[in-house]
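A closer look at the structure
Each chain, written out:
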Amino acid sequence: MNTWRNVWTITKRELGAYFTSPLAYIFIVIFLLLCGFFTFFVARFLDAGEASLVRPFFDWHPWFYLFLVPAVGMRLWAEERRVGTIELLLTMPITAWQAIVGKFLASWLFLGLALVLTFPMVMTVNYLGSPDNGVILTAYVGSWLMAGAYLAISCVASALTRSQVVSFIIAVMICLFLILAGYPPVINVLEQFASGHLADFVTSFSVMTHFEGFQKGVLDSRDILFFLSVIGFSLFTTSVILRTHRAG
Amino acid sequence: MIKVQNLAKTFGAKRAVDGVSFSVDRGEVLGFLGPNGAGKSTTMRMVTGFLPPSGGTASIGGFDIVEHPIQAKRLMGYLPENAPAYTDMTVYGFLNFAAEIRGLSGDAKKQAVTRVVEMCFLEPVLHQSVETLSKGYRHRTCFAQSIIHDPDVLVLDEPTDGLDPNQKHEIRQLIRRMGQKKAIIFSTHILEEVDAVCSRAIIIDRGRIVANGTPQELRQKSEWAGAVTLRVKGVASSAVTARLGQVPLVKRVTLVEEKDGRVTVRAFPRSDANSALAQAVGEAAREWQIEQLHSEEGRLDEVFRSITMPDTAKEAA
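Small disclaimer: the values here were computed from a predicted structure and weren't measured.

Summing up its helical and strand segments, chain A has 14 helices and zero strands in all. Listing the helices and strands of chain A from first to last along the sequence gives α-α-α-α-α-α-α-α-α-α-α-α-α-α. On C-alpha atoms alone, chain A measures out to a radius of gyration of 19 Å, which is about the 18 Å that the 2.2 N^0.38 rule sets for 248 residues. By its C-alpha atoms, chain A is 60 × 45 × 35 Å across when sized along the principal axes.

Next up on the list: the domain arrangement of chain B. Once the domains are mapped, chain B shows domain 1 (2-220) and domain 2 (228-296). Just the C-alpha atoms count here: the centres of domain 1 of chain B and domain 2 of chain B sit 44 Å apart.

Moving on, we come to the sheet that holds strand S5 (residues 63-64) of chain B. Residue and element names in this part refer to chain B. With antiparallel pairing, four strands are arranged side by side in an open sheet as S2-S1-S4-S5. Each edge of the sheet is formed by a strand with only one pairing partner; in this case those strands are strand S2 (14-24) and S5. Note that strand S1 (residues 2-11) and strand S4 (residues 55-60) share five bridges and pair antiparallel. If you follow Val4 over to S4, its bridge partner there is Ala58.

On the chain A side, the residues contacting the 28 residues of chain B number 26 residues. Interface area, chain B with chain A, both sides summed: about 2,500 Å², of which 61% is carbon and sulfur. Sorting the residues of chain B by area buried against chain A places Phe50, Tyr86 and Ile101 of chain B first, and these three jointly supply 29% of that buried surface. Viewed at the interface, chain A and chain B are joined by three salt bridges. Notably, a salt bridge pairs Glu100 of chain B with Lys12 of chain A, separated by 2.9 Å at the nearest N-O pair. Linking chain B to chain A there are ten residue pairs in polar contact (both at pLDDT 80 or more). Breaking the side of chain B that touches chain A down by element, the ones donating at least two residues are S1, helix H2 (69-74), helix H3 (91-101) and helix H5 (135-146) of chain B.

Moving on, we get to the packing of aromatic side chains. Aromatic ring pairs are reported here in terms of the distance separating the ring centres and the angle at which the planes meet. All names here are of chain A. Throughout the structure, instances matching the rule amount to 24 aromatic pairs over all chains. An angle of 15° between the planes, with centres 6.2 Å apart, marks the rings of Phe31 and Tyr65 as stacked. Remark: Tyr65 occurs in helix H4 (residues 61-73) and Phe31 occurs in helix H2 (residues 23-42); sequence separation between them is 34 residues. For the residue pair Phe31 and Tyr65, the accessibility class agrees, reading buried in each case. Over the ring of Trp77 we find Lys103; its NZ or CZ atom is 4.9 Å from the centre of that ring.

Basis of the calculations
Residues numbered from 1 in each chain as written. Chains lettered and ligands numbered in written order. Predicted model: local features only at pLDDT ≥ 70, side-chain atom pairs only at ≥ 80, totals over all residues. Heavy atoms only, no water. Helix = DSSP H or I, 4+ residues; strand = E, 2+ residues; numbered from the N terminus. Rg over C-alpha atoms; globule rule 2.2 N^0.38 Å. Domains from an automatic or database assignment. Pairing = 2+ DSSP bridges. Contact = heavy atoms within 4.5 Å. Buried area = accessible area lost by both parts, 1.4 Å probe. Salt bridge = Lys/Arg side-chain N within 4 Å of Asp/Glu carboxyl O. Polar contact = N/O pair within 3.5 Å; in protein donor to acceptor, adjacent residues only side chain to side chain. Phe/Tyr/Trp six-rings, centres within 6.5 Å; stacked < 30°, edge-to-face > 60°. Buried < 20%, exposed > 50% of the residue type's maximum accessible area, 1.4 Å probe, protein only. Lys NZ or Arg CZ within 6 Å of the ring centre and 35° of its normal.

What follows is the structure in structure tokens.
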């Protein structure tokens, strides 16, 4: 399997790149601090007296990711183009796809690691009561898939520009749309001014709608398919953008 | 090994490369000359498969770079302009990555890395991060990457740019040595380099090839080729030019310098003069005190300038 060997070589390099810069550690610390702060102080997890992580913990994830995932993904292609290493990478005997998937996987694994490091939450809630650990597990799976969707969008944004800042802003804008499309206040406005069908249509694009199922402990194939198709489509768009740059 | 036919590239309305054809065989080092913006880098980027050509074909070892990019790229090492390298890695990590992505593993990988570290003198900085390297070391790191899999074809975009004279010398030696077994293209705008390294040179200007030949052949195009320079002592310059002007083989005589009673003149030959001119000039100057007498070989920089300068600039000069 030459293909996967090439992908894995790229993935290893990218993962290494995260951990040699302080970015990785800063990201993980901020993510964990945010999780702790919002769960315990904003959502008042301890006062709620409920042995569940869904509302106090996972509800915040779409919002955390809005800023944190574009920060992880912004350098993926923008930096390669700025430094010129893209010329090395794409003249190696690998396909552009292998490079795109390899880079994406590295960042996705990194986000997975950050997510796994929130395990003290799970231990706490298990110590205090007896939660439904199945629901917690599906919610983790959903959260990771959602992070993957955000990340793939960040890849597109990163391929568009040489500037990491511009790439970050574009990614946040698109991800914000994906959240707001399913945000109750926005849905209400849509339902008032447009037909229910349109509201349904817009809502179906939202990560919120599709994340909800996971939070209830349901692994719905449509939700999984939604996140996977966002990832697939975004990575495909990335490859098209990279090709157009070079076509001149 | 490298075959390029009618290669063209347009960026918007601009034709950066306009129908370039050449081929390089094993054992040849092809020098790519041209002013900045002439299309050297663009041509190389198409040959290496980074940019898709707008027209024409390029093939490496029989594999078309567009139809069979992976096979073609496998045979090739590439040093891009400005020698980019992943700044967040150590030199060792970067070379290992390059070896792995070229399909090397285990002992073969270890040996390949050791070999290029020795060849490019990277030992002192092996565990240093690329970001902290001096320009010379970074250049050599990227160069090491391009030869890590001992490729049959090497494409080097300004391999000596930004190096100090010693490093330049080392890299040239390396290229010349490798050129005995590989097909190499390298671009430069340092003309002495062409003499030192190339078996053949191409001059490219505004996207087209304007001259193609061995360095010797290119020099022949210079009007200096075969000219004779003479320095004599104790004679008036007017007498020297007058006397030499009467020699039948001489087309014209120019005064180069008159200083401290010494006169230096240069006699340009008629087209049929060949090597007899030095003899003839020597005869004519028999009674004077000759301090120096030698034939010019023709100068590449002069050929380069006369070929690539726009016509208007030539008149102004």
